[in-house]
Amino acid sequence: MLLLSSALAQQNPAEKEPVQRQQSGMSTGGAHAPVKDALSRPITAGGFVEGAPVIFVDITHAAGLDKFHHRSGTREKRTILETPGSGVALLDYDNDGWLDIYLLNGSTFPALKGKEAPPRAMLLRNNHDGTFTDVTAKAGVANERWGMGVAVGDFDNDGWPDIYVSNFGKNRLYHNNHDGTFTDVAETAGVTLGGWSTGATWGDYDHDGYLDLFVPGYAKFDPDNPPIAGKGDLPAGFCQFRGVDVMCGPRGLPGEGDHLFHNNGDGTFTDVSVKAGVADAKGYYGFSSVFVDVDDDGWVDLAVANDSVPKYLYRNKHDGTFEDISYLSGFALNDDGREQAAMGIAVGDYNRDGKVDFYITNFSDDYNTLYRNEGDAAFADVSFRAGIATLTIPFLGWGCCCAIWMDRNSRRCPRQRAVAWQSLYRREVRRSVICSTTAISMSFSIASIRRPRYCGTRSRIRTTGLP
């Protein structure tokens, strides 16, 4: 749907880290009854206001976006692979100054086996009049794999945005040919991977002037032998949520590793995950990620939102390696010392103190988490103090984004140095939208051709991963 607006204390990791329980399912808070209004409509704490003024108008059909239909397995969703959605990116792929839309699609088990045509992604070109045209076939970006996340960045510094697609299966790196078409160079570049990749992120972690790529992995999943309660070694009723039979996982499944690819500057990448210290040796379930400078030292750090296990925060050591400060920073767990089922991650300076904060969306029956930056890469969960925790508990959160609009008179420079910048330059006003990596279902990415003149970012394009 397209909507148009009309109007640090230290802690001992060995003591704090939760025990990995051998069970299926997600990490959530306690059970909460559905909150409904008098008409049995599910609501947030705010409820519904009849006759309220219209703030947004649904222009999906008028814009020509309803031609896209997302598919991901069957309606029954018997396996975990079928449950996430897919990513979306906003980018100016043709450098005409107008944002276009790239929508990923999922797939089906028959399609994976070649028994039916796979669902296709869709690239929609902005017609400059509020409508969009499907140019997928011409552009060559149909993907036709089980799409999860998308990240946009100019990896070869030619001034044109390229597209990285995270899939279940091999990933794609679409290089922009400058003529409205793309070429998949993932194999040549060495970034195809395989397995289950999720919300990737671009960032120049070593200050060599080229964007590097981080790709989190979710879980190891065999489509020919999926874990289903009542089959194989799993007893009937083993996989339930609040007494209802559901898909099995992620707990109980082996985790997929994470990968950091160093940009060699010649169109190829080298996997430096182990050397850099970000390979995810614990096998956590990575969902989304973002490169961002959390301690204002001029070097991008790395945050990873993990599902049902502690989150990762890696501090850049300026020598090509990272230090795991997940627990020391307070980012790994929530204020109760509990891991959450993180889905999306957004970056923004919500209290205008010049430091980047994090907002994490989580699984249902749990609150979304706002982490305030206390300085020196220390974070505090202030969700309840900020008054935004309770109203999010009933709902399953997915992708999220922080937006800041700046006019030409603003002297403040947001510190989200490695977040996605979309500069909408006008003669009188420069405005920027800042979005972070998000979860698979709504991996949201915005890219910019031009570096904002009021910020000291090192690369031409800073983009998001997810999902």
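Preceding this paragraph is the structure being described.
To keep things clear, this report deals only with the structure shown in the data block. The structure presented is a predicted model; accordingly, all values stated were derived computationally and were not measured.

### Looking at the overall build of the protein
- Helices and strands together make up the secondary structure of the protein, namely 6 helices and 27 strands.
- The buried share of the protein, reckoned over its 467 residues, is 53%.
- Carbon and sulfur atoms form 51% of the exposed surface of the protein, whose accessible area is close to 20000 Å².

### Examining the sheet that holds strand E8 (residues 162-168)
- Read across the open sheet, the 4 strands follow the order E7-E8-E9-E10; overall the sheet is antiparallel. The strands lining the two open edges of the sheet, one partner per strand, are strand E7 (146-153) and strand E10 (182-184). Going from strand to strand, the sheet's axes swing by 25 degrees on average, the running direction of each strand aside.
- Examined bridge by bridge, E8 and strand E9 (residues 172-176) share 3 bridges and lie antiparallel to one another. In the strand pairing of E9, Tyr164 is matched with Leu173.

### Notes on the state of the cysteines
- In this structure the tally under the stated criterion is 1 disulfide.
- Disulfide pairing places Cys239 opposite Cys248 at an S-S distance of 1.9 Å. Looking down the S-S bond of the Cys239 and Cys248 bridge, the torsion is 105 degrees, so its handedness is right-handed.
- The class of Cys239 is buried, set by a relative accessible area of 2%.

### Points about unusual backbone geometry
- Cis geometry is adopted by the peptide bond preceding Pro250, which originates at Gly249 and carries an omega value of 0 degrees.
- Checked against the element boundaries, Pro250 lands in the loop between strand E14 (244-245) and strand E15 (259-263).
- Its identity is not glycine, yet Asn95 carries a phi of approximately 55 degrees, on the positive side.
- Within the secondary structure layout, Asn95 lies in the loop between strand E3 (88-91) and strand E4 (100-103).
- Residue classification places Asn95 among the partly exposed residues on the basis of a relative accessible area of 27%.
- Located in the positive-phi region is Asp280, a residue other than glycine, with phi close to 65 degrees.
- If you trace the backbone, Asp280 turns up in the loop between helix H6 (273-276) and strand E17 (286-292).

### So, the environment of Phe358
- Following the sequence through the fold, Phe358 ends up in strand E22 (residues 357-362).
- Non-local contacts of Phe358, meaning those with residues more than four positions away in its chain, are made with Val290, Val292, Val294, Ala303, Phe331, Ile345, Ala346, Val347, Thr369, Leu370, Tyr371 and Phe379.

### Some thoughts on the pattern of salt bridges
- Going through the model one piece at a time under the given rule, you end up with 14 salt bridges.
- A salt bridge links Glu256 to Lys220; its shortest N-O distance comes to 3.2 Å. Taken as a pair, Glu256 in the loop between E14 and E15 and Lys220 in the loop between strand E12 (212-215) and strand E13 (240-241) lie far apart in primary sequence, 36 residues in all.
- The class for Lys220 is partly exposed, based on a relative accessible area of 43%.

### Structural notes on the packing of aromatic side chains
- Scanning all chains against the criterion turns up 22 aromatic pairs.
- An angle of 65 degrees between the planes, with centres 4.8 Å apart, marks the rings of Trp196 and Tyr218 as edge-to-face. You can see Trp196 sitting in the loop between helix H5 (186-189) and strand E11 (201-203) and its partner Tyr218 sitting in the loop between E12 and E13, a full 22 residues away along the chain.
- By relative accessible area, which is 2% here, Tyr218 ends up buried.
- Put simply, the rings of Phe109, Trp146, Phe168, Trp196, Tyr218, Phe221, Tyr285 and Phe287 pair up and form one aromatic cluster.
- The side chain of Lys311 reaches across the aromatic face of Phe331, ending 5.6 Å from its centre.

### A word on the sheet that holds E15
- A sheet is described by the order of its strands in space; here 4 strands give the open sequence E11-E12-E15-E16, paired in antiparallel fashion. Since the sheet does not close on itself, it has two edges, and those belong to E11 and strand E16 (269-271), each with one partner. Within this sheet the neighbouring strands show an average axis-to-axis angle of 25 degrees, counted without direction.
- Bridging between E11 and E12 involves 3 bridges; their strand directions are antiparallel. In the strand pairing of E12, Thr201 is matched with Phe214.

### Things to note about the pairing of E9
- A large share of E9 lies buried, amounting to 5 of its 5 residues.
- Of the two faces of E9, the one holding Arg172, Tyr174 and Asn176 and the one holding Leu173 and His175 are both buried throughout.
- In this antiparallel pair of consecutive strands, E8 and E9, the connection spans 3 residues, and Gly169 shows a positive phi of 110 degrees.
- Relative to E10, E9 runs antiparallel, the two sharing 3 bridges.

### Quick notes on the nonpolar core
- Core analysis: the biggest nonpolar cluster contains 36 residues, and Leu260 and Phe322 have the highest contact counts within it.
- Dropping the residues within four chain positions of it, Phe322 is found in contact with Tyr205, Leu260, Ala276, Val278, Phe291, Val300, Asp301, Leu302, Tyr314, Arg315, Asn316 and Lys317.
- Residues Val290, Ala305, Val347 and Phe379 belong to the second largest nonpolar core, which totals 17 residues.

### Structural notes on the environment of Asp296
- The topology assignment puts Asp296 in the loop between E17 and strand E18 (301-306).
- C-alpha separation for the pair Asp296 and Gly354, spaced 58 residues apart in sequence, amounts to 9.4 Å.

Rules behind the numbers
- Going along each chain's sequence as written, the residues are numbered from 1 onward.
- With pLDDT at 70 or above as the cut-off, local features in this predicted model cover only qualifying residues; side-chain atom pairs require 80 or more to be listed or tallied, and sums for whole chains, interfaces and linings still use all residues.
- Excluding hydrogens and water, the side-chain figures rest on all heavy atoms present in the structure.
- Runs of H or I in DSSP of at least four residues are treated as helices and runs of E of at least two as strands, each being numbered from the N terminus.
- Only protein chains enter the calculation, and the probe is 1.4 Å; a residue is then buried if its accessible area is under 20% of its type maximum, exposed if over 50%, and partly exposed in between.
- Areas reported as accessible are Shrake-Rupley estimates using a 1.4 Å probe. Residue values count occlusion only from the protein chains shown.
- Strands are treated as partners if at least two bridges between them are detected by DSSP.
- In this analysis an axis means a line fitted to C-alpha atoms, helices contributing only their contacting stretch, and an angle means the value between N-to-C directions, from 0 to 180 degrees.
- Throughout, a disulfide means two cysteine sulfur atoms within 2.5 Å of one another.
- Here, two residues are considered to be in contact whenever any of their heavy atoms come within 4.5 Å of each other.
- We define a salt bridge as a side-chain nitrogen of Lys or Arg found within 4 Å of a carboxyl oxygen belonging to Asp or Glu.
- Each aromatic pair joins two rings of Phe, Tyr and Trp (for Trp, the six-membered one) with centres within 6.5 Å, and gets the label stacked for planes under 30 degrees apart, edge-to-face for over 60, and tilted for any other angle.
- Both a distance and an angle decide whether a charge sits over a ring: NZ of Lys or CZ of Arg must be within 6 Å of the ring centre and within 35 degrees of the ring normal.
- Residues enter a nonpolar core if they are buried and are Ala, Val, Leu, Ile, Met, Phe, Trp, Tyr or Cys, with the set joined through side-chain atoms within 4.5 Å.

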